[in-house]
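# A look at the structure
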Amino acid sequence: SAIAFTTVLGTVSGLIIASSGAVVHDLMSSVLNIEMSDEGKVRSAKIASIVVGVIAIILGILFEKMNVSYLVGWAFSVAASANLPSLIMLLFWPKTTKYGITCAILVGMTSSLAWILLSADTFKNVYGFTAKQAVEAAYVPFSQPGLITIPLGFITLILVSLVTQPRNVAGK
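Below, the structure is looked at part by part.

## Here's the deal with the packing of aromatic side chains
Under the criterion given, the structure shown has four aromatic pairs. Centroid distance Phe123 to Tyr127: 5.0 Å. Interplanar angle 90 degrees. Geometry classified as edge-to-face. Of the residues examined, Phe123 reaches a relative accessible area of 9% and is grouped as buried. Here a set of aromatic residues connected by ring pairs shows up, and it is made of Phe123, Tyr127, Phe129 and Tyr139.

## A word on the side chain of Ser44
With respect to the helices and strands, the residue Ser44 is situated in helix α2 (residues 38-62). Taking relative accessible area as the criterion, Ser44 reaches 15% and is therefore assigned buried.

## Some details on α2
In this model α2 runs 36 Å from its N-terminal to its C-terminal C-alpha over 25 residues, within 8% of the 36 Å that 1.5 Å per residue would give. Residues of α2 that are buried: Gly40, Ser44, Ala45, Ala48 and Gly53. For α2, the secondary structure elements touched by its buried residues are α1 (2-31).

## Points about unusual backbone geometry
Trans is the common state for peptide bonds, and a negative phi is the common state for residues other than glycine. Positive phi, normally seen in glycine, also occurs at Asn33, with a value near 55 degrees. The topology assignment puts Asn33 in the loop between α1 and α2. The exposure class of Asn33 is exposed, given its relative accessible area of 56%.

## Re the environment of Asp26
Looking at where Asp26 falls in the secondary structure, it is placed in helix α1. By relative accessible area, Asp26 is classed as partly exposed at 41%. Excluding residues within four positions of it along the chain, Asp26 makes contact with Gly21 and Val31. Of note is the side chain of Asp26, whose polar atom sits 2.9 Å from the side chain of His25.

## Some remarks on α1
Between the first and last C-alpha of α1 there are 41 Å, a value that for 30 residues agrees with the 44 Å anticipated at 1.5 Å per step. Along α1, the sharpest change in direction is near 25 degrees and occurs at Ala22. Along α1, the residues that are buried comprise Ser20, Val24 and Met28. As for α1, its buried residues are in contact with α2. Asn33 sits one or two positions beyond α1 and adopts a positive phi of about 55 degrees.

## Quick look at the packing of helix α4 (residues 98-117) against helix α7 (residues 146-163)
Each pair of packed helices can be summarised by the angle the axes make with each other and by the distance between the axes. Their axes nearest at 8 Å, the elements α4 and α7 cross at an angle of 155 degrees. Looking at the two axes, α4 sits roughly antiparallel to α7. The hand of the α4/α7 crossing is right-handed. Contacts between α4 and α7 involve Tyr99, Gly100, Ile101, Cys103, Ala104, Val107, Ser111, Ser112 and Trp115 from the former and Ile148, Thr149, Leu152, Gly153, Thr156, Leu157, Val160 and Ser161 from the latter. A per-class count over the contact of α4 with α7 returns ten nonpolar, seven polar and no charged.

Basis of the calculations
Residues numbered from 1 in each chain as written. Predicted model: local features only at pLDDT ≥ 70, side-chain atom pairs only at ≥ 80, totals over all residues. Heavy atoms only, no water. Phe/Tyr/Trp six-rings, centres within 6.5 Å; stacked < 30°, edge-to-face > 60°. Buried < 20%, exposed > 50% of the residue type's maximum accessible area, 1.4 Å probe, protein only. Helix = DSSP H or I, 4+ residues; strand = E, 2+ residues; numbered from the N terminus. Expected span 1.5 Å × (residues − 1). Contact = heavy atoms within 4.5 Å. Polar contact = N/O pair within 3.5 Å; in protein donor to acceptor, adjacent residues only side chain to side chain. Bend = angle between axes of the 7 residues up to and from the residue. Axes fitted to C-alpha atoms, helices over the stretch in contact; angles between N-to-C directions. Parallel < 35°, antiparallel > 145°, perpendicular 65-115°, else oblique. Left-handed = near helix turned anticlockwise from the far one by under 90°. Nonpolar A, V, L, I, M, F, W, Y, C, P; charged D, E, K, R; others polar.

No statement about biological role is implied by the geometric values presented.
Next comes the structure, spelled out in structure tokens:
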């Protein structure tokens, strides 16, 4: 049990550090163009670590009664929908653009999350509906969205990359 606990602790701490680094470097510095000193970046990363940790704790409490393997399936569905199209196309399609990748990640992530939240299993296990009510109230027919959202990510990446191809200037 000590090895399992250490593994979980190491994984969680690694995810928190990675997410705080993404918040500071990718979101605050690159997207929002906030200029910060090194000390400011470290302070922001510490604050982001606390916020991410608190969000994880709240989500853990909210979903404590759910089957862990089911939640892992959801996590893989979201990760696959958000990342798989970008990784594959970046490696094998030379016309891939950063805008195509960004849009594919956003579309894959939001569509898979929306699909999961609107499924009958979520209505039953998270929202507290009975099985019959959940089936009647659900907006999507099944809870694992990858069959729909991964191809949607590929389509989004291809279309946005084709629209955002760099223009060749004559003489260059």
